[in-house]
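# Structural description and commentary
Single-letter residue listing:
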Number of protein chains: 2
Amino acid sequence: MDLKIVASEDKPPKTSTLKRNNERPRQILNAAIELFCELGFEAARLEDIADRAGVSKATIYLYFESKEDLFFALIRENVVPMVDETISQMESFEGPASDFLRFKAHTLGHTLAYTNQGAILKLVVAESRRFPEIADYFRTEVPERGIENLAKLIQRGIDDGEFRPCDAKTAAALFMFPLLMNGIWMNSLGPDTVIDPGLLIEMHCENFIRGLTL
Amino acid sequence: MDLKIVASEDKPPKTSTLKRNNERPRQILNAAIELFCELGFEAARLEDIADRAGVSKATIYLYFESKEDLFFALIRENVVPMVDETISQMESFEGPASDFLRFKAHTLGHTLAYTNQGAILKLVVAESRRFPEIADYFRTEVPERGIENLAKLIQRGIDDGEFRPCDAKTAAALFMFPLLMNGIWMNSLGPDTVIDPGLLIEMHCENFIRGLTL
DNA sequence: AGGATATGACTGACCAGTCAGTATAGTCAG
DNA sequence: CTGACTATACTGACTGGTCAGTCATATCCT
């Protein structure tokens, strides 16, 4: 792509505060996310990540132990906080369970389909067999906590007579799976002419609630 | 440089040659499937594939042009025939649409969850951005044909008054997505203690039909 | 001065793909 | 039947390129 002329015409835009050290990890991580999502873990080259972050490859090693550590940080810094937020939303929610499901289907559904959150999911799923410790961390922090909390909400719906009795955990997973698959789809094979993600989310939402309602 | 045209076919009518040559491509392909599914395309080494197939690496190149060709052959030889079969089942089916959905949910659901078909899906999804031609081939041969035909069946259900009116293609995708995600899940993060794949398939099946029924 | 931040240049391992050569079996002239 | 020839199947050893990770050196900021 761009070969660097050795010296000459060095940085004219002299950044006064070179104490950007605080931002460096974030810059590098963002570049890593983009490239991991585009190419997969193996095929993403550290040198390209460095280029995109505007640093040299060696600088990455000032802030991260290894390529794998970068992958781990991605989950720790980006995915887990999002789950935390969802869970606290869920805990403070008081209306009918179906209202929350509608809200969540639309927000999460669109986030997964139209941002690289879907690509991150695809990435984790693709690499999980090769990085068991990362997969373990992800599994316990994301799906297990997420499903558990969503199951609580659905169980409340069942107890309140809003939903018919069923296994709440399975129902929670069943609520999530089309949204997750939609996100993976849109970040791999899609977008295509066959599936309209917005329509699918909408239909899933109504069909799921309809099927679950007494 | 390469004048290894393999064709030149004028079969002697009676050659009782014990050539195992016929089996070689299948042996190699099976080994490739296993390793691609375990490790992903990049991380799977051709030498390991060769070892598992009981041949040398150079032998692979007698039957396949490149590593990527091996990936392509995997889809052509394994995935597409399965879709063909499903479609012909669907076309010859005559009972209520919901019966076929139940049948398909269970057979396909279990195949994806408990065989490496789910891992193959995971693989295709993971690598599709890096191999656009393979992704195009897969998309047109598998999801597009599959969804189109399933949509026909669902449309018939709508026309017959079995289901309530809705967009049949979206409904078809919505029927498939939990089964696909379940297959990917079981071949990446799962199996785990949170999700029971069999229960999920069963519940999806009933909930989906219930939601769609008038 | 001296610690913190950064990098260009390098290395060592790895791996897809190649090639010259071996092995085995079929063909056929004598 | 035999030995020379040929076609097919296969492989060990190599190459050229790639890339994660290292390190000696340089620059900046108290």
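Everything here concerns the structure above.
Below, the structure is looked at part by part.

About the thresholds
Residues numbered from 1 in each chain as written. Chains lettered and ligands numbered in written order. Predicted model: local features only at pLDDT ≥ 70, side-chain atom pairs only at ≥ 80, totals over all residues. Heavy atoms only, no water. Near = heavy atom within 4 Å. Polar contact = N/O pair within 3.5 Å; in protein donor to acceptor, adjacent residues only side chain to side chain. Helix = DSSP H or I, 4+ residues; strand = E, 2+ residues; numbered from the N terminus. Nonpolar A, V, L, I, M, F, W, Y, C, P; charged D, E, K, R; others polar. Axes fitted to C-alpha atoms, helices over the stretch in contact; angles between N-to-C directions. Parallel < 35°, antiparallel > 145°, perpendicular 65-115°, else oblique. Left-handed = near helix turned anticlockwise from the far one by under 90°. Contact = heavy atoms within 4.5 Å. Least-squares fit on C-alpha atoms with pLDDT ≥ 70 in both. Buried area = accessible area lost by both parts, 1.4 Å probe. Salt bridge = Lys/Arg side-chain N within 4 Å of Asp/Glu carboxyl O.

Looking now at the protein's contact with DNA strand D. Close to DNA strand D lie 17 residues; Arg45 and Lys57 of chain A together with Arg24, Thr59 and Tyr63 of chain B are nearest. If you look at DNA strand D and keep only atoms within 4 Å of the protein, 59% of those are sugar or phosphate atoms. Between DNA strand D and Leu46 of chain A, the relevant distance is 3.0 Å, taken from a phosphate oxygen to a main-chain nitrogen or oxygen of the residue. At 2.6 Å from a phosphate oxygen of DNA strand D is found a side-chain nitrogen or oxygen belonging to Thr59 of chain B. Broken down by secondary-structure element, the contributors of at least two residues to the surface near DNA strand D are helix 3 (57–63) of chain A together with helix 3 (57–63) of chain B. For the surface near DNA strand D, the element with the most residues is helix 3 of chain B, which contributes four residues. By residue class, the composition of the surface near DNA strand D is eight nonpolar, five polar and four charged.

Residues and elements named next belong to chain A. At a minimum axis separation of 8 Å, helix 7 (residues 132–159) and helix 8 (residues 168–186) run at an interaxial angle of 110 degrees. One way to sum up the angle between helix 7 and helix 8 is to call them roughly perpendicular. Between helix 7 and helix 8 lies a crossing whose hand is right-handed. Residues Ile147, Leu150, Ala151, Ile154 and Gln155 of helix 7 touch helix 8, and the partners they reach there are Ala168, Lys169, Ala171, Ala172, Ala173, Phe175 and Met176. Taken together, the residues of the contact of helix 7 with helix 8 break down into ten nonpolar, one polar and one charged.

The subject of this paragraph is the relation of the copies chain B and chain A. Overlaying chain B with chain A gives an RMSD of 0.1 Å, the required rotation being 180 degrees about an axis along which the chain moves by 0.0 Å. The transformation just described matches what one would write down for a two-fold rotation axis. Relative to the rotation axis, the closest C-alpha in chain B is found at Gly211 of chain B, a distance of 2.0 Å. Most of the interface of chain B is mirrored in chain A: 100% of its interface residues are interface residues there too.

Counting residues at the interface gives 51 residues for chain B and 51 residues for chain A. Roughly 4,700 Å² of surface becomes buried between chain B and chain A when both sides are summed, with 72% attributable to carbon and sulfur atoms. The largest per-residue losses of area from chain B upon contact with chain A belong to Arg129, Phe177 and Leu189 of chain B, which jointly make up 15% of the total buried on that side. Between the two partners, chain B and chain A, sit zero salt bridges.

Without other data, these values stay purely geometric and don't point to any function.
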